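Take a look at the letters that make up each chain.
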Amino acid sequence: MSKRPDTGLTGILCINKPQDFTSFDVIAKLRGISGTRKIGHSGTLDPMATGVLPIFFGSAAKACDLLPNSDKRYTVGVRFGMTSDTQDIWGSITGENPAPLSREALEAALPRFTGTISQLPPMYSAVQVNGQRLYDLARKGVEVERTPREITIYRLELLSYDPEKREALLDVSCSKGTYIRTLCHDLGQFLGMGAVMSSLIRTEAAGFTLSDCVTLEDTQKAALESRFPSLLLPVERIFQDLPAIRLSEAQTRMFCNGVRLDLNRMRCAKIPGNQAVYGFDGAFLGLASCDFDKMELIMQKLFFQRS
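Bear in mind that the values here come from a model prediction, so they are computed numbers and not experimental data. (Residues numbered from 1 in each chain as written. Predicted model: local features only at pLDDT ≥ 70, side-chain atom pairs only at ≥ 80, totals over all residues. Heavy atoms only, no water.)

Participant: Just checking my understanding: could you explain the sheet that holds strand E15 (residues 261–262) for this structure?
Facilitator: Each strand in a sheet pairs with another by means of backbone hydrogen bonds, the pair being arranged parallel or else antiparallel. The strand order E14-E16-E17-E18-E15 describes an open sheet built from five strands, whose pairing is mixed. This sheet does not close on itself; its edge strands, each paired only once, are strand E14 (244–246) and E15. Where helix H6 (residues 249–256) meets the sheet, its contacts fall on E14, E15, strand E16 (275–278), strand E17 (284–291) and strand E18 (296–302), and the angle it forms with E17 comes to roughly 85°. (Pairing = 2+ DSSP bridges. Helix = DSSP H or I, 4+ residues; strand = E, 2+ residues; numbered from the N terminus. Contact = heavy atoms within 4.5 Å. Axes fitted to C-alpha atoms, helices over the stretch in contact; angles between N-to-C directions.)

Participant: Would you take a moment to explain the nonpolar core for this structure?
Facilitator: Nonpolar side chains in soluble globular proteins tend to end up buried together. The biggest cluster of nonpolar side chains holds 29 residues, and the ones touching the most others in it are Val76, Phe80, Leu106, Leu170, Val172 and Ile180. Looking at this core, the elements with two or more residues in it are strand E4 (72–80), helix H2 (103–109), strand E10 (149–162), strand E11 (167–174), helix H4 (180–190) and strand E12 (195–205). Element by element, the count of residues in this core is highest for E10, at five residues. Those residues in contact with Val76 that sit more than four places away from it in its chain are Ala168, Leu169, Leu170, Val172, Ile180, Cys184, Met197, Ser199 and Leu200. If you look at the next biggest cluster of nonpolar residues, it comprises 21 residues, including Ile12, Val52, Ala60 and Phe208. (Core = buried A, V, L, I, M, F, W, Y, C linked by side-chain atoms within 4.5 Å. Buried < 20%, exposed > 50% of the residue type's maximum accessible area, 1.4 Å probe, protein only.)

Participant: Looking at this model, I keep getting lost on the pairing of E17. Mind explaining?
Facilitator: Successive residues of a regular strand alternate their side chains across the two faces of the sheet. Counting buried positions along E17 yields eight of eight residues, so the element is predominantly enclosed. Of the pairings in the sheet, the one linking E16 to E17 comprises four bridges and is antiparallel in character. Among the inter-strand pairings, Val277 is bridged to a residue of E17, identified as Gly286. Alignment of E17 against E18, held across six bridges, turns out to be antiparallel. Within the sheet, the bridge partner assigned to Gly286 lies in E18 and is Leu302. Counting the residues between successive antiparallel strands, the hairpin from E17 to E18 contains four residues, one of them, Met295, with a positive phi of roughly 55°.

Participant: Quick question: what am I supposed to make of the pattern of salt bridges here?
Facilitator: A side chain with one charge can pair with a side chain of the opposite charge if their charged atoms come near. With the rule as written, the count across this model stands at 11 salt bridges. The salt bridge partner of Glu167 is Arg79, with a shortest N-O separation of 3.0 Å. Of the two residues, Glu167 sits in strand E11 while Arg79 sits in strand E4, which places them 88 residues apart along the sequence. According to the relative accessible area criterion, Glu167 is partly exposed, its value standing at 27%. Each of the salt bridges in this network shares a partner with another, and the network as a whole consists of Arg73, Arg155, Glu157, Asp171 and Glu204. (Salt bridge = Lys/Arg side-chain N within 4 Å of Asp/Glu carboxyl O.)

Participant: What should I look at first to understand the packing of aromatic side chains in this one?
Facilitator: The description of an aromatic ring pair uses the distance of the two centres, along with the angle that the planes make with each other. Enumeration according to the criterion identifies six aromatic pairs in this entry. Ring centres 5.8 Å apart and planes at 25° place the aromatic pair Phe239 and Phe284 in the stacked group. Of this pair, Phe239 sits in the loop between helix H5 (216–224) and E14 while Phe284 sits in strand E17, and the two are 45 residues apart along the sequence. The pair formed by Phe239 and Phe284 is uniform in burial state, with each residue classed as buried. The lysine or arginine in question, Arg112, covers the ring of Phe113, its NZ or CZ lying 5.2 Å from the ring centre. Positioned above the aromatic ring of Tyr278, the side-chain terminus of Arg246 is 4.8 Å from the ring centre. (Phe/Tyr/Trp six-rings, centres within 6.5 Å; stacked < 30°, edge-to-face > 60°. Lys NZ or Arg CZ within 6 Å of the ring centre and 35° of its normal.)

Participant: Would you mind going over the environment of Thr178 with me for this structure?
Facilitator: In this fold, Thr178 is placed in the loop between E11 and H4. For Thr178, a relative accessible area of 11% translates into the label buried. For the pair Thr178 and Asp71, spaced 107 residues apart in sequence, the C-alpha to C-alpha distance is 9.4 Å. Residues contacting Thr178, with those up to four places away along its chain left out, are Gln119, Ile151, Thr152 and Ile153. Among the polar contacts made by the side chain of Thr178, one reaches the main-chain carbonyl oxygen of Ser175 at a distance of 2.9 Å. (Polar contact = N/O pair within 3.5 Å; in protein donor to acceptor, adjacent residues only side chain to side chain.)

Participant: I'm lost on the confidence of the model for the chain in this one. Help?
Facilitator: Low pLDDT marks regions whose predicted coordinates should not be analysed in detail. Per-residue pLDDT for the chain averages 90, and the proportion of residues at 70 or more is 89%. Scored below 50 in pLDDT, residues 1–5 makes six contacts in the model with residues more than four places away or belonging to other chains. (pLDDT = per-residue confidence, 0-100.)

Below you can see the structure in the form of C-alpha cells.
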C-alpha cells in the first residue's frame with residue numbers, strides 16, 4: 001500500500017486537550033485528520049488533564065525546542081486529607097487523615113510554595129534514572145532515589161475552598177518542569193494531612209491560552225469542510241516578543257543560503273540569545289544570534305526557505 005502524500009501544512013494548532021487522551025493520542029488523531037505526518041507538540045499533558053496543548057505542523061516543529069516562553073499556568077483541584085501512590089486522585093489511596101483544614105491555614109501555607117523552590121520528581125513520571133523511566137519502575141513496585149530539581153512558582157493563588165469537603169481550587173503559574181501533583185502532595189505534607197490532585201486544566205502554555213485553542217471536534221469539522229489550514233497559527237507567533245532583525249532583499253537571499261551577515265550593515269539589539277529575523281518583504285525567516293566579537297549574524301534555525 002502506498003503512503004498518502006504529506007499535505008505540506010506548516011504552523012501551530014492549539015488544542016484544548018480532552019480528558020482521557022494522551023498527548024500522543026492527540027497527535028495520532030491529528031495525523032489522520034490533517035494528512036500530515038510531521039507533527040510535534042510542546043509540553044506533555046497527562047491523560048486526566050485538559051487544556052492548552054500546542055501542536056506544531058511541518059517546519060514549525062523545529063520550534064519545539066526553541067520556545068522563548070516555556071512557562072505554564074494551571075487551574076488545579078486539590079483534595080486534602082489523603083495521599084496516593086501517584087499523588088493524584090486516580091492512583092491507589094495510601095493514607096487518609098480526617099483532620100480539619102481552615103481556609104486561613106491553607107492560605108497561610110501558600111507563600112511557602114512560591115518563588116524558587118526544590119521539588120522531588122514523583123516516581124510516576126517520565127524522568128529517566130539509569131536509562132529507565134520512573135513510571136516503568138513505579139509500576140513494578142520499585143522506588144529509586146531521585147535528585148530534587150529547582151523550579152519556580154510565580155503565582156499560587158487560592159480561587160475557592162470548601163472546608164467541609166476539604167477541596168480547593170488553585171491558580172498556579174510556574175516554570176517548565178514543575179510537577180503540579182507533586183506541588184499538591186508537598187502542600188499537603190506541609191499541612192500535616194496529605195493532599196492529592198483531583199483535577200487539572202492547563203490554561204497557558206508557550207504563550208498561548210485557552211482562547212487560542214480549538215477542540216478535536218473543531219479540527220475534524222474543519223477538515224471535512226476543507227478549511228483545516230485556516231486553523232493554523234503562524235510559527236512566528238511564538239517569537240513575537242523577541243527582538244526583530246529586518247533584512248534587505250540581498251541580505252534575505254544570503255541569510256536563506258546560510259551566509260553569515262555583517263552586523264555593521266544592519267540594525268539589531270545588542271543582547272545575547274536569539275532574535276527573530278524577517279525578510280525584506282516582512283516574511284518571518286527564522287532565528288539568529290549576534291556574534292559581536294566577529295560582528296556576524298549567525299543563523300540558529302531557518303523556518304522559511306525562499307525559492
